[in-house]
Amino acid sequence: MTFPCLFSSRLSLREHFAKDANDYYYLLSNAEAIKYYGRNPIYNFLEAKVEIETLHTKYIESKLIKWAITINTNEIYIGSVGIKDYVNVHHRGTLSCIILPKYWHYGYASEALNIVIEFAFKTLNLNRLQVYVDPVNIRAITLFKNLGFNMEAILREYELYLQPIITQYFIDNKSEIW
């Protein structure tokens, strides 16, 4: 099964490789980057390496597609974007996106998500995409609203990570927009 590489004028979305382990570790150990990402940080390089191998396995099993986001001009790794739980009778998937803070405010998240959303609806034939967003993450809420998503529910005290139990907004986007 060939991993789908996606492109825009500024970005390449490709499979994570072993060579990305250092960048992946840096991304997922960065407290500012993962503050609203909904997971615990990675604590060492080996953990990042193992997780990258797991991403490949989950892709082969059709459980997850997680792209490395790189800048076209210099192939610098700036983040990751993905769809999980996309093979199901309901034709829906859940999006995620994380960008290194030094690349925030350049429109990279929006650009990467636009590519993935189009892929999800046109190639995977999904009917619905959803995303979970921390209510205090106003920038992410604005980003997804600008991408055509609508808030559908508030999931109170939904997740527990290193911080207190957090509430999540449940935001969706349906294929008729695309």
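None of the values given here were measured: they were computed from a predicted structure. Within every chain, residues take consecutive numbers counted from 1 along the sequence as written. Only residues with pLDDT of at least 70 are given local features in this predicted model, and only at 80 or more are side-chain atom pairs given and counted; all residues enter the totals for whole chains, interfaces and linings. Computation of side-chain values covers all heavy atoms of the structure but excludes hydrogens and water.

Participant: Just give me the short version of the overall build of the protein, but keep the residues and values in it.
Facilitator: Each helix corresponds to a stretch of at least 4 residues labelled H or I by DSSP, and each strand to a stretch of at least 2 residues labelled E; elements are numbered beginning at the N terminus. The secondary structure content of the protein amounts to five helices and eight strands. Each helix and strand of the protein, placed in order from N terminus to C terminus, yields the pattern β-β-α-α-α-β-β-β-α-β-α-β-β. The contact definition used throughout considers only heavy atoms, calling two residues in contact when any of these lie within 4.5 Å. Relative to all contacts within the protein whose residues are 6 or more apart in sequence, the contacts with residues 24 or more apart total 59%.

Participant: Before we move on, could you go through the nonpolar core and cite the residues and values that matter?
Facilitator: General note: in soluble globular proteins, nonpolar side chains tend to be found buried as a group. Definition used in this section: a nonpolar core is a set of buried Ala, Val, Leu, Ile, Met, Phe, Trp, Tyr and Cys residues joined via side-chain atoms within 4.5 Å. Relative accessibility thresholds used throughout: buried, under 20% of the residue-type maximum; exposed, over 50%; partly exposed, between the two (1.4 Å probe, protein chains only). L13, W67, I83, L95, L129 and F144 are the most contacted members of the largest nonpolar core, which has 53 residues in total. Ranked by residue count, the leading element in this core is helix α4 (residues 108-122), at ten residues.

Participant: Go over the packing of aromatic side chains, please, and point to the residues and values.
Facilitator: Only centres within 6.5 Å qualify two rings of Phe, Tyr or Trp (six-membered ring in Trp) as a pair; their planes then separate them into stacked at under 30 degrees, edge-to-face at over 60, and tilted for everything else. The tally for this structure, following the rule as stated, stands at six aromatic pairs. Of the aromatic side chains, those joined through ring pairs into one cluster are F3, Y59, W67 and F119.

Participant: Outline helix α5 (residues 138-146), listing residues and values.
Facilitator: Within α5 the residues assigned to the buried category are A140, I141, L143 and F144. Along the axis of α5, the buried residues cluster in a sector spanning 160 degrees; they form a single face. Exposed residues pointing more than 90 degrees away from the buried face of α5 are listed as I138, K145 and N146. Backbone geometry just downstream of α5 places G148 in the positive-phi region, at approximately 95 degrees. Comment: arc refers to directions from the helix axis out to C-beta atoms.

Participant: So, the side chain of D134: which residues are in play, and what are the values?
Facilitator: For D134, the location among the structural elements is in the loop between β6 (128-133) and α5. In summary, the charge assignment counts Lys and Arg as positive and Asp and Glu as negative, without counting His or the chain termini. Each salt bridge in this description consists of a side-chain nitrogen of Lys or Arg and a carboxyl oxygen of Asp or Glu lying within 4 Å of one another. K35 provides the closest opposite charge to the buried, salt-bridge-free D134, at an N-O distance of 8.6 Å. Each polar contact in these results corresponds to two N or O atoms within 3.5 Å; when the atoms are within protein, one needs to be able to donate a hydrogen and the other to accept it, and residues that are neighboring in sequence are counted only if both atoms are side-chain atoms. Of the polar contacts made by the side chain of D134, one reaches the backbone nitrogen of V136; its length is 3.0 Å.

Participant: Lay out the packing of helix α1 (residues 21-28) against helix α3 (residues 45-60) with the relevant residues and their values.
Facilitator: Convention adopted: a line fitted to C-alpha atoms gives each axis, helices being fitted over their contacting stretch, and angles between N-to-C directions are expressed from 0 to 180 degrees. Between α1 and α3, whose axes approach to 8 Å, the crossing angle comes to 105 degrees. When the axis of α1 is compared with that of α3, the two are roughly perpendicular. Taken together, the residues of α3 that come into contact with α1 (itself represented by A21, N22, Y24, Y25 and L28) are F45, A48, K49, E51, I52 and L55. Split into classes, the residues belonging to the contact of α1 with α3 amount to eight nonpolar, one polar and two charged. Each angle gets one of four labels, with under 35 degrees taken as roughly parallel, over 145 as roughly antiparallel, 65 to 115 as roughly perpendicular, and the rest as oblique. When residues are grouped by polarity, Ala, Val, Leu, Ile, Met, Phe, Trp, Tyr, Cys and Pro land in nonpolar, Asp, Glu, Lys and Arg in charged, and all others, Gly among them, in polar.

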